[in-house]
Amino acid sequence: MVDLDKCELGGTHLKSSDFEKCKVLTTEWTPNLGYAWDNGVAIGRYLAELKEGKIIARICHKCRRILLPPRMFCELCFRPTDEWTYVEDTGVVNTFSIAYVNWDASRRGPKEPPLIPAVIEIDGATKSMGIMHMLGEVAPADVKIGMKVRAVWKKPEDRTGAITDILYFKPLRAASPKKRAAGKKR
Ligand SMILES: [Zn+2]
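Residues numbered from 1 in each chain as written. Predicted model: local features only at pLDDT ≥ 70, side-chain atom pairs only at ≥ 80, totals over all residues. Heavy atoms only, no water.

## Details of the pattern of salt bridges
Oppositely charged side chains can form a pair if their charged atoms are brought close together. Just so we agree on the cut-off: The term salt bridge refers to a side-chain nitrogen of Lys or Arg lying within 4 Å of a carboxyl oxygen of Asp or Glu. Every helix listed is a DSSP run of H or I at least four residues long, and every strand listed is a run of E at least two residues long, numbered separately from the N terminus. Buried, partly exposed and exposed residues are distinguished by accessible area as a fraction of the type maximum, computed with a 1.4 Å probe on protein chains only: under 20%, between the cut-offs, and over 50%, respectively.
Enumeration according to the criterion identifies eight salt bridges in this entry. A salt bridge links arginine 65 to glutamate 75; the nearest nitrogen and oxygen atoms lie 3.4 Å apart. Placement of arginine 65 in the loop between strand S1 (55–59) and strand S2 (66–67) and of glutamate 75 in the loop between strand S3 (73–74) and strand S4 (79–80) is noted, with a sequence separation of 10 residues between them. Arginine 65 sits in the buried class, given a relative accessible area of 14%.

Structure, rendered in structure tokens:
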């Protein structure tokens, strides 16, 4: 442990007594750090549409890409994008992680299942356009890249116009290959 009274670093020197007398704020203070920012045209509309249970993207007519999340400017063509279009609330897992810590780096409880954050390529958007979200209703061992998933939405009255209006994405269950094969023989 650093002896603060003998510390020879530059800057404003602090003494141990400063901490003891709470002259230096540590955990004694709960700051009100409320803040606001402008979402802008593209993300503003995107969030408003999430509240309605829809996912919206922007089309660039020059490169013909469908951009998701939407943006008003195409970073490839260096020109404004042209129009809005709705995309599906289904997609494919592009990549994923199995997390044993929470978003704030705190450890999850021993009985809490790991979180499965994933990048999901949304159907209707240009391939490899994806959004980051969580997977649910699936065991970590069963998650595969390329797995088809569908959004699970909050109830309409609970939505706030945030990405969390989608609770998570769950697998779209298809008949297992074994069952399909068995079905063909009949
Ligand atoms: Zn473009």
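Let us keep going from here.
## Some points on helix H2 (residues 40–51)
The condition that has to hold: One fewer than the residue count of a helix, multiplied by 1.5 Å, yields its expected span. To be clear, the arc concerns the directions from the helix axis to the C-beta atoms. Residues are treated as being in contact if the distance between any of their heavy atoms lies within 4.5 Å.
Relative to the 16 Å expected for 12 residues at 1.5 Å per residue, H2 spans 17 Å between its end C-alpha atoms, a close match to the ideal helical length. If you check which residues of H2 are buried, you get Ala42, Tyr46, Leu47, Glu49 and Leu50. Considered in projection along H2, the buried side chains sweep an arc of 160° and stay on one side of the axis. Against S1, strand S5 (83–87), strand S8 (130–134), strand S9 (148–153) and strand S10 (166–171) lie the buried residues of H2. Directly beyond the C-terminal end of H2, a positive phi value near 80° is found at glycine 53.

## Notes on the coordination of the zinc ion
Here is the rule we go by: A donor here means an N, O or S atom no more than 2.8 Å from the metal, or no more than 3.2 Å when the metal is Na, K or Ca. Since water is not included, a site may seem to lack partners. Four donors are marked tetrahedral only if all angles between them lie between 85 and 135 degrees, whereas four are marked square planar and six octahedral if opposite donors are more than 155 degrees apart and the other angles lie between 65 and 115; the remainder are marked irregular.
Looking at the zinc ion, the protein donor atoms are Cys60 (SG), Cys63 (SG), Cys74 (SG) and Cys77 (SG), and they sit 2.3 Å from it. If you look at the zinc ion, its four donor atoms make angles of 104 to 115° with each other, and the shape they trace is tetrahedral. We note that the donor set of the zinc ion lies within a single chain, spaced as C-x2-C-x10-C-x2-C. Here cysteine 60, found in the loop between S1 and S2, pairs with cysteine 77, found in the loop between S3 and S4; they are 17 residues apart in sequence, far enough to count as distant.

## Let's talk about the layout of surface pockets
Note the cut-off: Every definition here rests on a 1 Å grid over the protein atoms only: cavities are sets of points where a 1.4 Å probe fits but cannot get out, pockets are open sets enclosed by protein on both sides within 12 Å along at least five of seven lines, and lining residues have some atom within 4 Å of a point. Grid points are joined across faces, edges and corners, and a volume is the space filled by probe spheres set on the points. Three residue categories are used. Nonpolar comprises Ala, Val, Leu, Ile, Met, Phe, Trp, Tyr, Cys and Pro, charged comprises Asp, Glu, Lys and Arg, and polar comprises the others, including Gly.
If you add up the space inside the largest pocket, you get close to 180 Å³. What lines the largest pocket is simply Ala99, Val101, Asn102, Trp103, Leu115, Pro117, Met134 and Thr164. Classifying every residue of the lining of the largest pocket by side-chain character gives six nonpolar, two polar and no charged.

## Some remarks on the packing of aromatic side chains
Defined as follows: Geometry of aromatic contacts follows a simple scheme: Phe, Tyr and Trp rings, the Trp one being its six-membered ring, pair when their centres are within 6.5 Å, and the pair is stacked under 30 degrees between planes, edge-to-face over 60, tilted otherwise.
According to the stated counting rule, one finds two aromatic pairs in the structure shown. The interplanar angle of 25° and the centroid separation of 5.8 Å between the aromatic rings of tyrosine 35 and tryptophan 37 together place this pair among those described as stacked. For tryptophan 37, a relative accessible area of 61% gives the class exposed. Measuring from ring centre to ring centre gives 6.1 Å for phenylalanine 73 and phenylalanine 78, while their planes differ by 70°; the resulting arrangement is edge-to-face.

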